[in-house]
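Below are the chains, spelled out letter by letter.
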Amino acid sequence: MFKAILIDKNTDTYSASVTELNDDQLPDGDVTVQVAYSTLNYKDGLAISGRSPVVRRFPMVPGIDLAGTVETSSHPNFKAGDRVLLNGWGVGEGHWGGLAQKAKLNGDWLIPLPKAISERQAMAIGTAGYTAMLCLMALERNGLKPEHGDVLVTGANGGVGSFAIALLAHHGYSVIASTGRPDEADYLKRLGATTIIDRAELSNPGRVLGKERWAAAIDSVGSHTLVNVCAGTRENGAVAACGLAQGMDFPGTVAPFILRGISLLGINSVTRPYTERVEAWDRLGASMNLDLLAEITNEVSLSEAIETAHELLDGKVRGRVVVDVNR
């Protein structure tokens, strides 16, 4: 028996509860993992609450991230005792995920846990930190260097935003943080932000082209915010777009892309190639200031995760939430 959050749905009800399951209820997969830690991401909050149709089949164990130790494996890359982690690949949506004490998975979705970090640290970083690193890597491939100027980070108090600030600052970039919580300015500056702006400057309909204010940006908000971010990006700059907290729409024009040569870089963290996933995590292990994780991270038990998921969607949670699935 093992404990898990189980989401179920019928004609009249949608429910999420902590329950006990049998090993023979686990889905198909060639690697069974004893999970040490998982996380709560925005998508997990949507799945647990039912506010958006994230879950594609029922019953479902949510949790798009996990880190733990291989229990059994028929996959050639992994053996019992290996430390592994997983981000994305539809777990928690179409395949049982990480908010459980045990998971059975396709070994192609896993990568080795970098030696420099623990299971808990990996989940403190999670998809949020991993996505932030993918954004930085994309901007660097586009030619971005610290001497080019400020880099804007939207949704700065969220998980991706917090890590984006910390990673950019570590690599020598000057960071502008956009937030709807100005009372958190000191927190953002401790992460490495040099300038704080109110998200209201970006969240409403704006001009087709605005003043050139930043060399690049990492945006996790979308909609009008993303349009305004692009409109304020300097000539030949780039914007890495990885989220849609404000909306999936792009109510703007092609003017920034044609008249200023702006590049819009879409970041899909769910199904990256193996080599890119390993590179991103190796860089996180080597360059992430792990001391900042205490600043960014809150830890909850599996039994507390459901309530915390609702608080996350309501904007009441700062930074990352690590879930200790074994308490």
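Structure's up top.
What this report covers is the structure whose coordinates are included nearby. The model shown is predicted, which means the values in this text are computed figures rather than measured ones.

Inspection of every chain in the model, using the stated rule, returns 15 salt bridges. We note a salt bridge from Asp23 to Lys102, for which the minimum N-O separation is 3.0 Å. Note that Asp23 is positioned in the loop between strand S2 (14-21) and strand S3 (31-40) and Lys102 in strand S6 (residues 102-105), a separation of 79 residues in sequence. Taking relative accessible area as the criterion, Lys102 reaches 13% and is therefore assigned buried. The residue Asp324 makes a salt bridge to Arg327 at a minimum N-O spacing of 3.7 Å. Taken together, the salt bridges that share partners define one network made up of Arg120, Glu299, Asp324 and Arg327.

Glancing now at the pairing of strand S1 (residues 2-9). On a regular strand, each side chain points to the face opposite its neighbour's, so the side chains alternate between the two faces of the sheet. Judged from the eight bridges that link them, S1 and S2 form a sheet pairing that is antiparallel. Across the sheet, residue Lys3 finds its bridge partner in S2, namely Glu20. Linking two consecutive strands that pair antiparallel, namely S1 and S2, is a turn of four residues.

Moving on: the packing of aromatic side chains. Any pair of aromatic rings gets described here by the distance separating the centres and the angle formed by the planes. Inspection of the entire model under this criterion finds three aromatic pairs. For the ring pair Tyr130 and Trp281, a centre distance of 6.1 Å and an interplane angle of 15° mean the geometry is stacked. Here the residue Tyr130 occupies a position in helix H2 (residues 119-141), and Trp281 occupies one in helix H8 (residues 274-287), the gap between them amounting to 151 residues. With respect to class, Tyr130 is no different from Trp281; both count as buried. Ring centres of Phe250 and Phe257 lie 6.2 Å apart, and the angle between their planes is 35°; on these two criteria the pair is classed as tilted. Overall, Phe257 belongs to the partly exposed group, its relative accessible area being 23%.

Turning next to unusual backbone geometry. Backbone torsion omega between Phe58 and Pro59 reads -5°, so that peptide bond is classified as cis. Along the polypeptide, Pro59 turns up in the loop between helix H1 (42-49) and strand S4 (65-73). Phi is positive for Trp89, close to 60°, though the residue is something other than glycine. With respect to the element layout, Trp89 can be found in the loop between strand S5 (83-87) and S6. A residue is classified by how much of its surface remains accessible, and Trp89, at 24% relative accessible area, is partly exposed.

The next thing to look at is the environment of Tyr130. Residue Tyr130 is classed as buried on the basis of its relative accessible area, which comes to 1%. Once you skip the residues sitting within four places of it in the chain, Tyr130 turns out to touch Asn87, Ile125, Ser269, Arg272, Arg277, Ala280, Trp281 and Leu284.

Here we take up helix H3 (residues 159-170). Taking 1.5 Å per residue, twelve residues should reach 16 Å; H3 reaches 17 Å between its end C-alpha atoms and fits that length. Buried residues dominate H3, accounting for ten of its twelve residues. Among the residues of H3, those classed as buried are Gly159, Val160, Gly161, Ser162, Phe163, Ala164, Ile165, Ala166, Leu167 and Leu168. At the exit of H3 stands Gly172, carrying a positive phi of roughly 95°.

As a further point, take a nonpolar patch on the surface. On the surface, a cluster of nonpolar side chains totalling about 330 Å² of accessible area is made up of Val254, Ile258 and Leu259. Looking at the secondary structure, you find Leu259 in helix H7 (residues 255-259). Residue class for Leu259 comes out exposed when judged on its relative accessible area of 59%.

Further remarks concern the sheet that holds strand S12 (residues 233-241). The strand order S10-S9-S8-S11-S12-S13 describes an open sheet built from six strands, whose pairing is parallel. This sheet does not close on itself; its edge strands, each paired only once, are strand S10 (195-198) and strand S13 (263-266). The average undirected angle you get between the axes of adjacent strands in this sheet is 20°. Pairing of strand S8 (residues 151-153) with strand S9 (residues 175-179), which is carried by three bridges, proceeds in the parallel orientation. Bridging across to S9, Val151 finds its partner in Val175. Along the sheet, H2 contacts strand S11 (214-219), S12 and S13; its crossing angle with S11, the most-contacted strand, is approximately 150°. Contacts from helix H6 (residues 223-231) reach S8, S11, S12 and S13, with the element oriented near 150° to S12.

Turning next to the packing of H2 against H3. Between H2 and H3, the shortest axis-to-axis distance is 8 Å and the interhelical angle comes to 55°. Judged on the interaxial angle alone, H3 and H2 are oblique. You can see that H2 and H3 cross each other, and the crossing is right-handed. Residue-level inspection shows Ala124, Ile125, Ala128, Gly129, Thr131, Ala132, Met133 and Leu136 of H2 in contact with H3, the latter providing Gly159, Val160, Phe163, Ala164, Leu167 and Leu168. The class makeup of the residues in the contact of H2 with H3 is eleven nonpolar, three polar and no charged.

This part covers the environment of Met60. Relative to the assigned elements, Met60 resides in the loop between H1 and S4. You can call Met60 buried: its relative accessible area is 0%. C-alpha separation for the pair Met60 and Trp214, spaced 154 residues apart in sequence, amounts to 42 Å.

Reading the values: rules and limits
- Residues numbered from 1 in each chain as written.
- Predicted model: local features only at pLDDT ≥ 70, side-chain atom pairs only at ≥ 80, totals over all residues.
- Heavy atoms only, no water.
- Salt bridge = Lys/Arg side-chain N within 4 Å of Asp/Glu carboxyl O.
- Helix = DSSP H or I, 4+ residues; strand = E, 2+ residues; numbered from the N terminus.
- Buried < 20%, exposed > 50% of the residue type's maximum accessible area, 1.4 Å probe, protein only.
- Pairing = 2+ DSSP bridges.
- Phe/Tyr/Trp six-rings, centres within 6.5 Å; stacked < 30°, edge-to-face > 60°.
- Contact = heavy atoms within 4.5 Å.
- Expected span 1.5 Å × (residues − 1).
- Patch = residues over 30% accessible without salt bridge, like charges linked within 9 Å, V, L, I, M, F, W, Y side chains within 5 Å.
- Areas by Shrake-Rupley, 256 points an atom, 1.4 Å probe, with all protein chains shown as cover.
- Axes fitted to C-alpha atoms, helices over the stretch in contact; angles between N-to-C directions.
- Parallel < 35°, antiparallel > 145°, perpendicular 65-115°, else oblique.
- Left-handed = near helix turned anticlockwise from the far one by under 90°.
- Nonpolar A, V, L, I, M, F, W, Y, C, P; charged D, E, K, R; others polar.

Keep in mind these values describe shape, not function.
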